[in-house]
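Inside the fold
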Amino acid sequence: MSPAISVPLRSRVDPSAPVTIPPDDVLRDELDSIQLDYDRHERVPGWMLNQAKPFCDKHIEHRLIRHSLGRKQNFFAKMFHALRLAAAYGGVVRFNYKADRVPGEVARAVRDAGLCYLAVRKGGGRMSRLFPLGPIHEALVGADPREFDRPTTTGQRCVEIHTRKTKLEPAHPIPFEPDRFSEAEYAELLLAEKMLTLSNDVNSRFCLMGRKCYRTYDDGDEPTYHWLDGTYEVRSWLAARFTENLEGDGPLFHHGRIYTPGFSNLQGLCGAERATLLINGRPTVELDFGSLHAMLAYNLRGLPCPEDPYKLWGAFTTKAQRAVGKHLISSGWNVKGGWYSAIQSSAKAAQLNKHRPESYEVQGWDGDCLLGDAKGGATEKRKKEWHKARELRRALHGMAPQLDLDDRKALQHFLKEEVWPLVKKQHGAVLDLFGTDAGMRLFMPIDGAIARDVLHHFAKQGKPCFPIHDSFLVFAEDKQELCDVMHAAYRKIIGEYVREHVSEPEQVEFAPVVKDRNGMIVEPSRKLAAA
């Protein structure tokens, strides 16, 4: 169990107030979902049955047919547990309405009792959703969800090592054993785990709360934000994920970025949601490394990075042009197969039908809570890609209104003829890195190391610091300290790499660009700048 915290963890929704229920398609595609599985032979833990029994006796049992009553009580106990988690973290419960007659009957009884709203997709199936209403939120008042929540962190390490996903085989974990690695590699993994363990211990003493929203595109491609009632807890347990190097050269593993696995996690929030976050009820600030991977591409070779690497049209670059340039360049760092693979990747990313969340099964997690955890699985990933596709399409339409955005070949031709020549012209010094998987094998290990240094600095002082890959969330009063630590960590790690790998580097000051939520540059303190 995590140590006690100063602010009670509970849904901040008024149970007596009317609840605004989002549309059914939003419940299916937008909100975080917990996968609720049914197994007629499953034995539900006693603690789960005991917590659900008062609600079952009061609201549910008299609505159920007596046949197979034991299985229905068991399934309701799991459902009640899932609904309380969804209420605490601002999500919904996802289940197969037609897996058996038991799930459907229990779901209808829960709906008729006024405990939740039931959204059944036409034909039933795994896309059915339960949205918790007032009585479920009322059950959280004065309670700590960690009394009933068995989070995904149970029994897991802060460092995960996986094989590389291929077209034929999904990624799977590699045992964390000393004889599988060199002495230096194993020491690096142990150090990363030690640093993240301390960060998780410190962060768990604080409560991260914020509002949740969903986006719709009713009028064109410009999103409209709709906010859910109340505020909710956000999970922020940290784990570094390393990936096996399949090329046979260099280190045994790549990647190393820090993630926040689990339902309703910090990295799954959009920027608008993160702007509402409070730590123990106090204001926060989020600082971000601007154009980090582009800076790394240049600085790792001892070269200065352009002021804005995505302004391919110079000072007259429009917002739409910059968005397209950024997507193409970012794709180039993270694909294999040469520069044309970046063009193919960007064109594919603009195809909406490839990212519909409802067309993918959830890669669930099954642990102590006996629930599959959809957050971090395929559905959540596709949801984020769906919104990125919308943003990319809006930018492409702004550049070329006549372009058919559903014609992938036409998109590839446009990017090849209109955008890629500008990339070649502006980024010739690092052009050989495009299409070489540089993001996974070179940039992510370094930005993961920088993030661990920043987190460790605050953890040693007992201060919370929450990462969103290469940005960090802290108390508002720690803004300048965070900026200074980000600069120091970047200079230290990049300086070490350049001294080791570059024979004659230019006289470059390796100073990153750090920005706040509004895109304004935050300068380091004079003391650090002088150093």
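A brief look at the structure comes next. As the structure is a computational prediction, the values presented were derived from the model and not from experiment.

1. Describing the overall build of the protein chain
In terms of helices and strands, the protein chain carries 15 helices and 17 strands. When burial is assessed residue by residue, the protein chain has 53% of its 531 residues classed as buried. Pairs at least 24 apart in sequence give 73% of the contacts found in the protein chain among residues at least 6 apart. Carbon and sulfur atoms form 50% of the exposed surface of the protein chain, whose accessible area is close to 24200 Å².

2. A short note on the nonpolar core
Among the nonpolar cores identified, the biggest contains 81 residues, and Trp333, Leu396, Phe443, Val454, Phe472 and Tyr490 are the most heavily contacted of them. When sequence neighbours within four positions are dropped, the list of residues in contact with Trp333 reads His293, Ala294, Ala297, Val430, Leu433, Phe434, Asp437, Ala438, Gly439 and Phe443. Membership of the second largest hydrophobic core comes to 38 residues, among which are Ala52, Leu69, Phe95 and Ile136.

3. Focus: the side chain of Asn200
Among the secondary structure elements, Asn200 is positioned in helix H6 (residues 183-203). A polar atom in the side chain of Asn200 sits 2.8 Å from the backbone nitrogen of Leu238. When neighbours within four sequence positions are excluded, Asn200 is seen to be in contact with Cys158, Ser236, Trp237 and Leu238.

4. Remarks on the pattern of salt bridges
Taken as a whole and assessed by the stated rule, the structure comprises 16 salt bridges. The salt bridge partner of Asp478 is Lys463, with a shortest N-O separation of 3.3 Å. One end of the pair, Asp478, is in the loop between strand S16 (471-475) and helix H14 (479-501); the other, Lys463, is in the loop between helix H13 (438-460) and strand S15 (466-468), with 15 residues separating them in the sequence. Of the residues examined, Asp478 reaches a relative accessible area of 6% and is grouped as buried. The exposure class assigned to Lys463 is partly exposed, which follows from its relative accessible area of 24%. Across the pair Glu481 and Lys463 runs a salt bridge, and its minimum N-O distance is 2.9 Å. With Glu481 in helix H14 and Lys463 in the loop between H13 and S15, the pair connects residues that are 18 residues apart, well separated along the chain. For Glu481, a relative accessible area of 22% translates into the label partly exposed. Several salt bridges converge on common partners, so that one network encompasses Arg274, Glu286 and Arg517.

5. Considering the sheet that holds S16
Two strands in a sheet stick together by hydrogen bonds in their backbones, pointing the same way (parallel) or opposite ways (antiparallel). With antiparallel pairing, the four strands of this open sheet are ordered in space as S15-S16-S13-S17. Only two strands of the sheet have a single neighbouring strand rather than two, namely S15 and strand S17 (514-515). Pairing of strand S13 (residues 284-289) with S17 involves two bridges; the strand directions are antiparallel. Bridge pairing links Phe289 to Val514 in S17.

6. What about helix H4 (residues 101-112)?
Between its first and last C-alpha atoms H4 spans 17 Å; for twelve residues at 1.5 Å apiece the expected length is 16 Å, and the two agree. Residues of H4 that are buried: Val102, Pro103, Gly104, Glu105, Val106, Ala107, Ala109 and Val110. Packed against the buried residues of H4 are helix H2 (46-60), helix H3 (69-89), strand S2 (92-95), strand S3 (116-119) and strand S4 (128-132). At the N-terminal boundary of H4, the capping side chain belongs to Asp100, with an oxygen 3.1 Å from the backbone nitrogen of Val102. In the segment just after H4, Gly114 is the residue with positive phi, at about 80°.

7. Remarks on the sheet that holds strand S5 (residues 159-162)
Taken in spatial order, the three strands line up as S5-S10-S11 in an open sheet, and their pairing is mixed. The open sheet has two edge strands, S5 and strand S11 (253-259), and neither has a second partner. Along the sheet, successive strands turn relative to each other by an average axial angle of 20°, direction set aside. Pairing between S5 and strand S10 (residues 239-244): four bridges, direction parallel. Each bridged residue has a counterpart across the sheet, and for Ile161 the counterpart in S10 is Phe242.

8. A short note on the environment of Cys56
Within the secondary structure, Cys56 is located in helix H2. Since its relative accessible area comes to 6%, Cys56 is described here as buried. Apart from residues lying up to four places away in sequence, Cys56 is in contact with Glu61, Gln73 and Phe76.

9. Digging into H2
Along its length, H2 shows its largest kink, about 40°, at Ala52, and proline Pro54 lies within four residues downstream of that point. Within H2 the residues assigned to the buried category are Met48, Ala52, Phe55, Cys56, His59 and Ile60. Looking at the buried positions of H2, the neighbouring elements they touch are H3, H4 and helix H5 (134-138).

10. Things to note about the packing of aromatic side chains
Overall, the coordinates contain eleven aromatic pairs when judged by the stated rule. Consider the rings of Phe206 and Phe475, whose centres lie 6.1 Å apart with planes at 75°: the pair is edge-to-face. Placement of Phe206 in the loop between H6 and strand S6 (208-210) and of Phe475 in strand S16 is noted, with a sequence separation of 269 residues between them. Given the relative accessible area of 5%, Phe475 is considered buried. Relative to Phe443, the ring of Trp333 has its centre 5.5 Å away and its plane inclined at 85°; by these criteria the two rings are edge-to-face. Pair noted here: Trp333 is in helix H9 (residues 319-333) and Phe443 is in helix H13, with a separation of 110 residues, a long-range link. Residue classification places Trp333 among the buried positions, given a relative accessible area of 2%. A residue is classified by how much of its surface remains accessible, and Phe443, at 0% relative accessible area, is buried. Members of the aromatic cluster, joined through ring pairs, are Trp333, Trp339, Tyr340, Trp420, Phe434 and Phe443.

11. Considering the pairing of strand S1 (residues 33-36)
In S1, alternate side chains face the same way, and those of Ser33 and Gln35 on one face and Ile34 and Leu36 on the other are all buried. Relative to S2, S1 runs parallel, the two being bridged by four bridges. Paired with Gln35 across the strands is Arg94, a residue of S2.

What counts as what
Residues numbered from 1 in each chain as written. Predicted model: local features only at pLDDT ≥ 70, side-chain atom pairs only at ≥ 80, totals over all residues. Heavy atoms only, no water. Helix = DSSP H or I, 4+ residues; strand = E, 2+ residues; numbered from the N terminus. Buried < 20%, exposed > 50% of the residue type's maximum accessible area, 1.4 Å probe, protein only. Contact = heavy atoms within 4.5 Å. Areas by Shrake-Rupley, 256 points an atom, 1.4 Å probe, with all protein chains shown as cover. Core = buried A, V, L, I, M, F, W, Y, C linked by side-chain atoms within 4.5 Å. Polar contact = N/O pair within 3.5 Å; in protein donor to acceptor, adjacent residues only side chain to side chain. Salt bridge = Lys/Arg side-chain N within 4 Å of Asp/Glu carboxyl O. Pairing = 2+ DSSP bridges. Expected span 1.5 Å × (residues − 1). Axes fitted to C-alpha atoms, helices over the stretch in contact; angles between N-to-C directions. Bend = angle between axes of the 7 residues up to and from the residue. Phe/Tyr/Trp six-rings, centres within 6.5 Å; stacked < 30°, edge-to-face > 60°.

Coordinates in, geometry out; function isn't part of it.
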